[in-house]
Amino acid sequence: MKKIIKHILIVVVLVCLPAFISSIYADAPPDPGGGPGSGDPPVGGGSPIGGGIFVMAILGMSYGIKKYLFIRKKLLE
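Quick look at the structure, then.

About the thresholds
Residues numbered from 1 in each chain as written. Predicted model: local features only at pLDDT ≥ 70, side-chain atom pairs only at ≥ 80, totals over all residues. Heavy atoms only, no water. Helix = DSSP H or I, 4+ residues; strand = E, 2+ residues; numbered from the N terminus. Buried < 20%, exposed > 50% of the residue type's maximum accessible area, 1.4 Å probe, protein only. Areas by Shrake-Rupley, 256 points an atom, 1.4 Å probe, with all protein chains shown as cover. Patch = residues over 30% accessible without salt bridge, like charges linked within 9 Å, V, L, I, M, F, W, Y side chains within 5 Å. Salt bridge = Lys/Arg side-chain N within 4 Å of Asp/Glu carboxyl O.

**Things to note about the overall build of the protein chain**
- Of regular secondary structure, the protein chain possesses two helices and zero strands.
- Looking at the protein chain as a whole, 0% of its 77 residues qualify as buried.
- Carbon and sulfur atoms make up 74% of the accessible area of the protein chain, which totals about 7,600 Å².

Structure, rendered in structure tokens:
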């Protein structure tokens, strides 16, 4: 019975999926802004990446410490 329901669900999804895909289109890319020296911020934004690197380093270290403690606890048991 579960196998029949699974097959019916797959068929329904495959039949209904093209209706949703046809209405999904990507937007045109935004205007990149003025030329050099115009004072406009760059396309990706004007925020510096220095703070982001610091946050990513902290998150990576905390993840590594968590994994180390988990493995150490597992080996001690």
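**A word on a nonpolar patch on the surface**
- A contiguous nonpolar patch, built from Phe54, Val55, Met56, Ile58, Leu59 and Met61 and spanning about 630 Å² of accessible area, is present on the exposed surface.
- The exposure class assigned to phenylalanine 54 is exposed, which follows from its relative accessible area of 57%.

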